[in-house]
Amino acid sequence: DGITYSSAYSKPLFDRLSKVNCPLVCMEHASALFAPRKEQLTIIRNDSRAIAKAAMDTFNHHGKYASYAFVHDRETWDWSYDRAKAFRSVIPKPHGLHVFSPLKGDPDGDIRITRFLARLPKPAALLAAHDSRALEVIQAALRANLLIPDDIAVLGIDNDQFVCDSGSVAISSIEPDHFSEGRAAARELDAMMNGTRHRKIKQINFGVRQVVIRSSTKNIMSADSLLSRIRDYVSEHAHEGITPSDVAHTLGVSLPLLYLRLKQSKSPPLARMITQRKLDFVRHLLKDTNTPIGAIAGLSGFGNSNALKNLFKAETGSSMREYRDEARASVFAILSAKQ
């Protein structure tokens, strides 16, 4: 009855799609095979100009650069060319744009990209077609003994947190408004299928939701400063149920770097640090408040009451009820002695 699709280019798939007459919503890939189609087609795309402007605003905020570069997706899709073209248009004069384009079936692609990075006038500002490509760029730069972001500031697109936090350098990234794109796709398809909206071809562009700054575009804080901020953040937010990934994301560093700094300082593992701080908060609630024991797990960041009770018993040797009773008995004894 209707199709929404978002996939890598596949000629057999596109040949089939070009022959169907039902309402069709195309996410990003506007193939030339659809050129004969005159109606019942909506194309939803990221606004490459908005992405390019966000990239340039980010680079301008974090430094001055001797050169600007763009690294295409390995498959060089049409949207990758659109992003490169848009980025070129916002680069300040007299700078040009250094572009790296992969070759099909290129076994020396990693070597070529390393040489490309080495030749860039430094410091360089580099926009990658997407986050995974930005990760590959950073890996190539490190192989060439280039510093990120001092020699090359790297910015990705999509804000895929798993990718952005997976390397030794956390990747700054532009996040398009993907959620709104998905809602619009559903809305447009529904309207076409029910005959309540246009029948002619329509294109909708969506801009940038946010730019998330991590260490690939800003200098990493010193080890002492990072450790201090880790401890402060955990102390303040552990009872909210934070995870190590939340800490790394908030501080703008990668998890591997965060773990490395903790290990070098001989600090407890981050997960243990969070758990201990949550247990401290549990002790406070038991000792200094009348909060019902059944409500303490949720207030202290533990998702399961039984798990908390078992952990508390293992850590303190007392049940939560026993701990509260002993604390209150101790306070009563002190007050009685003063009287």
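Reading the values: the criteria
- Residues numbered from 1 in each chain as written.
- Predicted model: local features only at pLDDT ≥ 70, side-chain atom pairs only at ≥ 80, totals over all residues.
- Heavy atoms only, no water.
- Salt bridge = Lys/Arg side-chain N within 4 Å of Asp/Glu carboxyl O.
- Helix = DSSP H or I, 4+ residues; strand = E, 2+ residues; numbered from the N terminus.
- Buried < 20%, exposed > 50% of the residue type's maximum accessible area, 1.4 Å probe, protein only.
- Polar contact = N/O pair within 3.5 Å; in protein donor to acceptor, adjacent residues only side chain to side chain.
- Contact = heavy atoms within 4.5 Å.
- 1 Å grid on protein atoms, 1.4 Å probe; cavity = no way out; pocket = protein on both sides within 12 Å on 5 of 7 lines; lining within 4 Å.
- Points joined across faces, edges and corners; volume = space filled by probe spheres on them.
- Nonpolar A, V, L, I, M, F, W, Y, C, P; charged D, E, K, R; others polar.

1. Topic: the pattern of salt bridges
Then comes step 1: Enumeration over the complete set of coordinates arrives at 11 salt bridges.
Then comes step 2: In this structure, Glu175 and Arg209 form a salt bridge, with 3.1 Å as the shortest nitrogen-oxygen distance. You can see Glu175 sitting in strand β8 (residues 172-176) and its partner Arg209 sitting in strand β10 (residues 208-212), a full 34 residues away along the chain.
Then comes step 3: Overall, the relative accessible area of 53% leaves Arg209 in the exposed class.
Then comes step 4: As a salt-bridge pair, Lys313 and Glu322 come within 4.0 Å of each other at their nearest N and O atoms.
Then comes step 5: Among the residues examined, Lys313 registers a relative accessible area of 42% and is labelled partly exposed.
Then comes step 6: Given a relative accessible area of 37%, Glu322 falls into the partly exposed group.
Then comes step 7: Several salt bridges converge on common partners, so that one network encompasses Arg74, Asp110, Arg133 and Glu136.

2. As for the side chain of Glu175
Then comes step 1: Classification of Glu175 by relative accessible area gives buried; the value is 15%.
Then comes step 2: In terms of polar contacts, Glu175 uses its side chain to reach the side chain of Asn159, at 2.8 Å.
Then comes step 3: In this structure the side chain of Glu175 is engaged in a polar contact, spanning 2.7 Å, whose partner is the side chain of Gln210.
Then comes step 4: Beyond its immediate stretch of four places on either side in the chain, Glu175 contacts Asp158, Asn159, Val208, Arg209 and Gln210.

3. Structural notes on the layout of surface pockets
Then comes step 1: As a volume, the largest pocket reaches approximately 240 Å³.
Then comes step 2: Lining the largest pocket are 13 residues, with Glu28, Asn46, Trp79, Arg83 and Asp158 positioned closest to its centre.
Then comes step 3: Contributing elements (two or more residues each) for the lining of the largest pocket: α3 (78-90) and α7 (178-193).
Then comes step 4: Looking at the lining of the largest pocket, its residues break down into three nonpolar, five polar and five charged.

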